[in-house]
Amino acid sequence: MLRIFSYLFSVLLLALICGAAVVAAFVWHLNRDLPDYSHLANYQPPVMTRVYAADGELLAEYASERRLYVPANAIPQRVINAFLSAEDKNFYSHSGIDVMGIMRAMFDNVENLLSGHRLAGASTITQQVAKNFLLTNSRTFERKLKEALLALKIERAYSKRKILELYLNEIYLGQGAYGVAAASENYFGKPLDQLTVAECAYLASLPKAPNNYNPFRFKDRATARRNWVISRMQSDGYISSEEAAAATAENLAVIAPQNNVKSVDAEYFVEEVRRELSDRYGDKVLYEGGLSVRTTLDTRLQAEARKALRRGLVEYDFKRGFRGAVAQLPAGTDWRKALADMPLAPDLAPWTLAVVLDVTPERAMVGLRPQVQPDGTYTTTGAMAEIPVSELKWARRTLPNGGMGPAVKAADQILAVGDVIYVAPVYAQAATPAGEAPDHYALRQLPAVNGAIVSIDPQTGRVVAMVGGFSYQESEFNRAVQAQRQPGSSFKPFVYSAALDRGYTPASLILDAPITFTGGPGQDAWSPENYSKRFYGPSTLRLGVEQSRNVMTVRLAQSIGMPIIVDYAKRFDINDHLMPVLAMALGAGETTVLKMTNAYAMLDNGGRKLTPSLIDRVQDRWGKTIYKHDARDCPGCGDDWNGQAPPNIPYTGEQVISPQTAYQMTSILEGVVERGTASAVKAVGVPVAGKTGTTNDYKDAWFLGYTPNLVAGVFVGFDNPTSLGKGETGGHLAAPIFRDFMIAAIGDKPAIPFRIPPGIELVKINAKTGALAQAGDPGTILEAFKQGTGPQWGDSPWARRLPGQPGGADDGSGNSGNGGGDGDISTGTGGLY
């Protein structure tokens with residue numbers, strides 16, 4: 001028996017040694033094939049890029065994985081405690097593998113096998129880091145062994161704090177959120193340091209199976225899991241029984257999932273910023289680089305710009321009548337479900353969809369679209385509302401020939417039961433307290449016309465507001481930067497600026513009389529006309545701009561030469577490829593609203609070159625500034641303040657025209673508002689300079705204007721250029737939108753006059769003749785002249801000439817002006833320009 005026992009012991013010992021050798025060899029083999037974990041020290045996960053307005057408001061987020069990386073020392077202890085209780089309560093005492101946890105899981109899994117439940121794991125947080133960063137999710141013995149080996153190595157290489165930092169920034173917590181910081185924003189709309197115990201516990205309940213504890217689909221299950229974590233936190237001594245009771249009683253209140261753009265007011269602006277970032281840094285950096293982007297957007301001005309543009313487009317559309325219902329629901333349809341299933345662009349709010357349920361001559365009763373929840377459900381009791389016939393007066397039917405139907409006298413004349421329509425709430429008072437129910441609703445429709453508005457700081461080129469259309473969700477086409485349209489007469493100030501730089505003055509006389517240009521072989525002759533179809537004879541240059549005289553502009557362009565005007569279009573970044581033909585002087589060359597607004601900003605700032613910018617600064621994930629729009633040096637800006645005056649940092653930039661010419665044009669454009677085609681803008685109540693623009697057949701309506709501190713440009717037109725209708729000019733359509741925006745933008749700020757640069761003399765002249773004003777002259781104005789160019793006593797305005805200029809007197813060289821190379825534009829009137 002002793003020999004048999006010795007033999008069996010020897011065999012067993014040999015088997016154990018062989019088994020140990022095999023296991024050791026297997027472990028050695030696995031150890032050789034373990035992935036390199038050293039790169040964890042320089043872990044740079046894909047991090048979300050965030051875009052902010054100038055005031056710090058979050059505008060948008062871009063990410064392949066929605067993650068906000070938070071250093072370990074910035075993660076609140078309460079958050080850490082919740083995850084330790086839920087995932088690894090012995091984290092600070094084990095060396096990567098929790099032996100006691102493994103033993104406990106083995107016993108638990110026996111019960112799970114017998115009951116048919118899923119087997120429980122015993123992975124520590126360190127093991128989860130090894131799996132998430134370095135291994136796959138395959139459920140095999142080899143992977144688990146590699147995970148354990150890596151966990152031991154990671155524990156020896158990194159501190160517990162570093163391991164927690166890796167874990168809490170990497171884990172997926174549902175709803176597209178990676179890491180605790182992004183999840184906190186996603187579910188609760190707040191940073192980590194503002195989370196309650198209950199909110200921390202809910203986040204800690206998610207790592208195992210975030211979809212199983214979706215708070216919108218499985219709220220009861222999610223609440224039960226959260227409460228389990230709360231009880232574990234109490235058991236582990238992290239919270240008191242009173243705190244646990246209060247947290248358990250707290251309702252699981254989460255916010256609805258949001259898209260990447262946070263502000264519906266700014267979607268056109270934000271998309272343009274996204275394109276610029278993508279072009280500059282590439283999509284990988286944009287979606288994974290964790291950039292922090294501070295834009296130029298002023299959120300208040302942006303909201304006012306959007307409001308003004310939408311109001312103007314709706315008012316124009318009202319005049320074109322009602323084009324009919326969005327859809328028609330058959331009788332017996334579940335209208336609540338039908339409306340809930342219909343798409344509704346969020347940026348149309350407070351508009352909503354409604355269905356006509358009953359209609360009489362006096363009113364229509366409608367059912368409003370139910371509120372659709374994040375999980376796709378909706379309220380089963382849709383609200384009812386009334387549309388009185390007074391809110392339908394505008395809705396004359398649009399006839400097939402484009403005409404208008406009869407006046408609306410009864411609601412059933414326009415609407416029928418089953419019509420699906422857009423409606424907007426109407427309140428009893430203009431200033432309505434939040435939460436107050438509307439008095440009634442009004443019929444609305446999406447305007448067929450569209451437009452854009454851009455506003456720029458004239459000193460810096462910062463784009464403070466940009467709206468590219470009525471609704472971004474309905475049309476992502478940005479008419480502020482993508483639509484190439486003819487600016488019409490709003491281009492004329494640059495023609496006249498070129499003339500002012502070449503010896504003309506605001507009082508120079510230009511003949512407003514018929515003129516015809518013969519075309520080449522096979523081409524028709526061209527005879528430019530004024531809007532009024534009349535001609536006014538010799539008129540001052542100022543009057544040509546104020547009254548937007550086409551014929552005077554063409555004569556002036558012919559006089560100074562189209563190559564010079566082409567050069568000015570390039571200088572002001574309006575159009576780099578303007579054709580050198582006279583029609584271009586009337587704004588026939590295409591450009592964008594942003595370019596035109598920036599060009600007017602250069603007139604406003606004294607003729608200094610500007611580059612429009614939507615981005616102030618870009619920082620990388622570590623906070624280092626990698627782009628800054630304002631590249632001026634700032635000596636002394638980093639010094640400690642000891643009562644000294646702030647540094648004076650002058651604006652830089654080349655002069656595209658002289659400050660004197662820029663002021664002369666500004667003064668003339670003030671006259672456009674005071675006496676000319678933009679009289680609607682006078683209601684702004686402060687000094688405003690601006691110019692209307694209307695193209696042939698009324699296809700484009702423009703207004704560009706500015707105060708000393710703000711520039712804005714407005715465009716209105718159909719996307720497929722067609723006539724807006726007879727009489728729908730820039731002064732009639734675009735100028736009121738500009739006016740409404742500027743009134744809101746300026747608010748109660750005091751009026752500031754435009755700064756007069758050195759070298760300008762203000763002289764009283766007769767506005768009609770341009771001569772020095774006599775006592776009692778009607779129409780006397782203060783005109784801005786460059787020093788030495790103003791009229792003198794005894795001058796005859798009908799014979800003033802400039803040496804070397806078209807139609808001018810001999811300059812001593814034996815050559816007189818050549819009239820621009822296309823004949824005598826004065827048509828026999830001597831010295832008239």
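Everything below is about the structure shown above.
The structure presented is a predicted model; accordingly, all values stated were derived computationally and were not measured.

What counts and how
- Residues numbered from 1 in each chain as written.
- Predicted model: local features only at pLDDT ≥ 70, side-chain atom pairs only at ≥ 80, totals over all residues.
- Heavy atoms only, no water.
- Helix = DSSP H or I, 4+ residues; strand = E, 2+ residues; numbered from the N terminus.
- Buried < 20%, exposed > 50% of the residue type's maximum accessible area, 1.4 Å probe, protein only.
- Areas by Shrake-Rupley, 256 points an atom, 1.4 Å probe, with all protein chains shown as cover.
- Pairing = 2+ DSSP bridges.
- Axes fitted to C-alpha atoms, helices over the stretch in contact; angles between N-to-C directions.
- Left-handed = near helix turned anticlockwise from the far one by under 90°.
- Contact = heavy atoms within 4.5 Å.
- Salt bridge = Lys/Arg side-chain N within 4 Å of Asp/Glu carboxyl O.
- Core = buried A, V, L, I, M, F, W, Y, C linked by side-chain atoms within 4.5 Å.
- Phe/Tyr/Trp six-rings, centres within 6.5 Å; stacked < 30°, edge-to-face > 60°.
- Lys NZ or Arg CZ within 6 Å of the ring centre and 35° of its normal.
- Arc of directions from axis to C-beta.
- Parallel < 35°, antiparallel > 145°, perpendicular 65-115°, else oblique.
- Nonpolar A, V, L, I, M, F, W, Y, C, P; charged D, E, K, R; others polar.

**Some remarks on the overall build of the protein**
(1) Moving on: Summing up its helical and strand segments, the protein has 21 helices and 22 strands in all.
(2) Moving on: Relative to its full complement of 833 residues, the protein shows a buried share of 49%.
(3) Moving on: Per element, the accessible surface of the protein, about 38500 Å² overall, is 54% carbon and sulfur.

**Overview of the pairing of strand β7 (residues 352-359)**
(1) Moving on: Counting buried positions along β7 yields 6 of 8 residues, so the element is predominantly enclosed.
(2) Moving on: Where β7 lies against strand β10 (residues 419-426), 4 bridges are found, and the strand directions are antiparallel. Bridging across to β10, A354 finds its partner in I421.
(3) Moving on: Strand direction decides the pairing type here: β7 and strand β8 (residues 363-368), joined by 5 bridges, are antiparallel. Within β8, the residue paired with V359 across the bridge is A364.
(4) Moving on: With antiparallel pairing between neighbouring strands as the criterion, β7 and β8 make up a hairpin whose turn holds 3 residues.

**Re the packing of helix α15 (residues 492-500) against helix α18 (residues 562-571)**
(1) Moving on: At their nearest, the axes of α15 and α18 sit 9 Å apart, and the two run at 115° to each other. The two elements α15 and α18 cross, and the hand of that crossing is right-handed. Contacts from F494, V495, S497 and A498 in α15 reach I564, I565 and Y568 in α18.

**Focus: unusual backbone geometry**
(1) Moving on: The linkage connecting A349 with the following residue, P350, adopts the cis geometry, with an omega of 15°.
(2) Moving on: In this structure, P350 sits in the loop between α14 (335-341) and β7.

**Overview of the pairing of strand β2 (residues 58-62)**
(1) Moving on: Burial within β2 is extensive, with 4 of its 5 residues counted as buried.
(2) Moving on: Judged from the 4 bridges that link them, strand β1 (residues 49-52) and β2 form a sheet pairing that is antiparallel. Its bridge partner lying in β2, Y52 is registered against L58.
(3) Moving on: In textbook terms, the turn of a hairpin is the stretch between consecutive antiparallel strands, and for β1 and β2 this stretch comprises 5 residues, one of which, G56, has a positive phi near 95°.

**Observations regarding the pattern of salt bridges**
(1) Moving on: Taken as a whole and assessed by the stated rule, the structure comprises 33 salt bridges.
(2) Moving on: With its nearest N and O atoms 3.3 Å apart, the salt bridge here joins R549 to D512. Of this pair, R549 sits in the loop between α16 (541-546) and α17 (550-560) while D512 sits in strand β14 (residues 509-512); the two residues are 37 residues apart in sequence, bridging distant segments of the chain.
(3) Moving on: In this structure D512 comes out as buried when scored by relative accessible area, which is 1%.
(4) Moving on: A salt bridge links E529 to K533, with the nearest nitrogen and oxygen atoms 3.0 Å apart.
(5) Moving on: In this structure E529 comes out as partly exposed when scored by relative accessible area, which is 43%.
(6) Moving on: When salt bridges with common partners are traced through the structure, they connect E271, E272, R274 and R275 into a single cluster.

**Brief notes about the nonpolar core**
(1) Moving on: Counting residues in hydrophobic clusters, the biggest one holds 131 residues, and the most contacted among them are F572 and F741.
(2) Moving on: The biggest single contributor to this core is helix α21 (residues 730-746), with 9 residues.
(3) Moving on: If near-sequence neighbours (up to four positions away) are discounted, F741 is found in contact with L301, E304, A305, A308, I453, S455, L710 and A712.

**Considerations on the packing of aromatic side chains**
(1) Moving on: Counting across every chain of the model gives 23 aromatic pairs.
(2) Moving on: Taking 5.1 Å as the distance between ring centres and 85° as the angle between the ring planes, the aromatic pair formed by Y268 and Y472 counts as edge-to-face. Taken together, the residues span a long stretch of sequence, with Y268 in helix α11 (residues 267-281) and Y472 in the loop between β13 (463-467) and α15 at a distance of 204 residues.
(3) Moving on: Residue classification places Y268 among the buried residues on the basis of a relative accessible area of 5%.
(4) Moving on: In this arrangement the basic side chain of R549 is found over the ring face of Y536, its NZ or CZ atom lying 3.9 Å from the centre.

**Remarks on α18**
(1) Moving on: Along α18, the residues classified as buried are M562, I565, V566, Y568 and A569. Down the axis of α18, the sector holding all buried residues measures 160°, keeping them to one side.
(2) Moving on: Its buried side turned inward, α18 meets α15 and α17.
(3) Moving on: Downstream of α18 by one or two residues, D573 has phi in the positive range, about 55°.

**Quick notes on the packing of helix α2 (residues 77-87) against helix α6 (residues 160-170)**
(1) Moving on: With their axes 12 Å apart at the nearest point, α2 and α6 run at an angle of 85° to one another. Here α2 is positioned roughly perpendicular relative to α6, judged by the angle of their axes. Only R161, L164, Y167 and L168 of α6 make contact with α2, whose side of the interface consists of Q77, I80, F83, L84 and E87.
(2) Moving on: Each residue belonging to the contact of α2 with α6 can be placed in one class, and the counts come to 6 nonpolar, 1 polar and 2 charged.

**With respect to the environment of V481**
(1) Moving on: Summarising the element assignment, V481 is placed in the loop between β13 and α15.
(2) Moving on: For the pair V481 and L594, spaced 113 residues apart in sequence, the C-alpha separation works out to 5.8 Å.
(3) Moving on: Setting aside residues no more than four positions away along its own chain, V481 makes contact with E272, M466, T592 and L594.

**So, the environment of A201**
(1) Moving on: Relative to the assigned elements, A201 resides in helix α8 (residues 197-204).
(2) Moving on: Counting along the chain gives 26 residues from A201 to N227, while the straight-line C-alpha distance between them is 7.5 Å.
(3) Moving on: Not counting residues up to four positions away in its chain, the partners in contact with A201 are A82, R226, V229, I230 and M233.

**What to know about the sheet that holds strand β20 (residues 710-717)**
Where strands meet in a sheet, backbone hydrogen bonds hold them as pairs that are either parallel or antiparallel.
(1) Moving on: With antiparallel pairing, the 5 strands of this open sheet are ordered in space as β13-β12-β20-β19-β18. On the outer flanks of this sheet lie β13 and β18 (689-694), each paired with one strand and no other. The mean angle between the axes of side-by-side strands here comes to 5°, regardless of whether they run parallel or antiparallel.
(2) Moving on: In terms of strand pairing, strand β12 (residues 450-456) meets β20 through 7 bridges, oriented antiparallel. Bridge pairing in β20 places S455 opposite A712.
(3) Moving on: Against the sheet, helix α20 (residues 659-675) contacts β18 and β19 (701-707), and its axis sits at roughly 65° relative to β18.

As far as function goes, none of this settles anything; it's purely spatial.
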